Amino acid sequence: MVLLTRNFESVQVGRILYALAVVTPLSYLINMELRSVFVTDTQNRIKAGHCLVSRLVTNSILLLVLLILCGIQWNNWGLGKSAIILLVWAVRGSESWADVYMGVFQKHEQMKRWAISQAVKTVLVLLWVIIMPFWTDNITWMLVGWLSATVLVVWFYDRVRAGRMVPIRTHWEAKIGRQLVGRGFPLGVFVTLAILNQQVAQYFIEHELGYSAVAYYGVFMMYVSGMTTVQNGVNQAILPRLAQYFGKNKLQFLKLLGVVLGVSVSAMLAGLAVVGWQGRAILRILNGEEYAEYASLFFMMICAGCLLLVGMILGDAIIACHRFKSRMVAVGLGLTVNVVVCWQYVGDYGLKGAVWAAMLSAIVTTLACGVVLISLFARGKTLADIRQT
């Protein structure tokens, strides 16, 4: 994205980001979260072939939904924007197949294979983006390169490596299909809500302010997404231990949660200090002068991102306490606040309204997760009771 913002106009960047904001939540919702279901199937009834066939069906449904959406929005989008939407569908579809092979690697504890796959794909896309401006000024070709790199890596590396670990044959069983939908769809809803909460503002921004504003907001949100990726890695590393402590030693649960919060918040404060001090310079170097003009909004967005990270930590702690529905309700509340504030204030206050919506959404989500955790440990339990647990 850094190279794109420096080499292409913000309007073109905004169109790509808007298309991603439209397709990505729908992709996660319709394609569901099958990998988690496959990996956690200890009885090995669900095969990779079942997941591949499911992906073929769900991606076909997604394509139909997007074609209908493009037809409805034809007067606004036209051929060019509709083509971008369908290209993003192709990218997300190929990545959904790669996700199945990732499940095979994960189940056989060969995640280094996935790391190699991601590294090769990243290098191919990076090289494509570097050479692309020398022969075209149309950013749509970036999606073509992204799609080509994904398909090549999936077909010639992921498929081959996964096939050496376990025979993979595409086949379908109605009973297994119902099990995949029954377990994968609720997980997909949760992931969709979380992604939608980060991207929903772009719908209002595009309608009120245009694609350049979408680019500014989307680029700032990319930094937040990078922060959440790092925090998610930390959270997933401690999640099994938190779950174990919740069942056996709640005092240790609280201590570990406190350590993670302390270290993460310290890192966030350091990051905020850097952004507050040199935010304009960071944007000027990485994204260009056009984006640096919004350095104050960038700082506000990073503040919202830090609040979101605290909510993520508390939310994953809730999952460790086996309160998945409570986590989903908290994310849903945050999304509702985001939508309402954007609807009311983006038109009047522009990007500032969208950033305030993100901040208020993060506050509500974090508070909701905190209330759930406090209630879990306050139901007739004093600190002395917890020490005895």
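Residues numbered from 1 in each chain as written. Predicted model: local features only at pLDDT ≥ 70, side-chain atom pairs only at ≥ 80, totals over all residues. Heavy atoms only, no water.

A. Here's a closer look at helix α11 (residues 250-286). A rise of 1.5 Å per residue sets the reference length of α11, with its 37 residues, at 54 Å; its end C-alpha atoms lie only 45 Å apart and thus fall more than 12% short of the reference. Along α11, the helix axis deviates most sharply at Q278, where the bend reaches about 80°. Those residues of α11 not exposed but buried are K250, L251, F253, L256, L257, V260, S264, M268, L272, V275, G279 and L283. Following α11 by one or two positions, G288 adopts a phi angle in the positive range, close to 115°. (Helix = DSSP H or I, 4+ residues; strand = E, 2+ residues; numbered from the N terminus. Expected span 1.5 Å × (residues − 1). Bend = angle between axes of the 7 residues up to and from the residue. Buried < 20%, exposed > 50% of the residue type's maximum accessible area, 1.4 Å probe, protein only.)

B. Structural detail: the packing of aromatic side chains. Going through the model one piece at a time under the given rule, you end up with 12 aromatic pairs. Pairing F220 with F298 gives two aromatic rings, centres 5.4 Å apart and planes at 45°, and the pair type is tilted. Linking F220 in helix α10 (residues 211-248) with F298 in helix α13 (residues 295-320), this pair joins segments that are 78 residues apart in sequence. When its relative accessible area of 2% is taken as the criterion, F220 is described as buried. By relative accessible area, F298 is classed as buried at 2%. Judged by centre distance (5.0 Å) and plane angle (65°), the ring pair of Y223 and F298 falls under edge-to-face. With Y223 in helix α10 and F298 in helix α13, this residue pair connects regions lying 75 residues apart in the sequence. We classify Y223 as partly exposed; its relative accessible area is 22%. Connected via pairs of aromatic rings, a cluster forms that spans Y18, W77, Y203 and Y211. Over the ring of F38 we find K107, and its NZ or CZ is 4.6 Å from the ring centre. (Phe/Tyr/Trp six-rings, centres within 6.5 Å; stacked < 30°, edge-to-face > 60°. Lys NZ or Arg CZ within 6 Å of the ring centre and 35° of its normal.)

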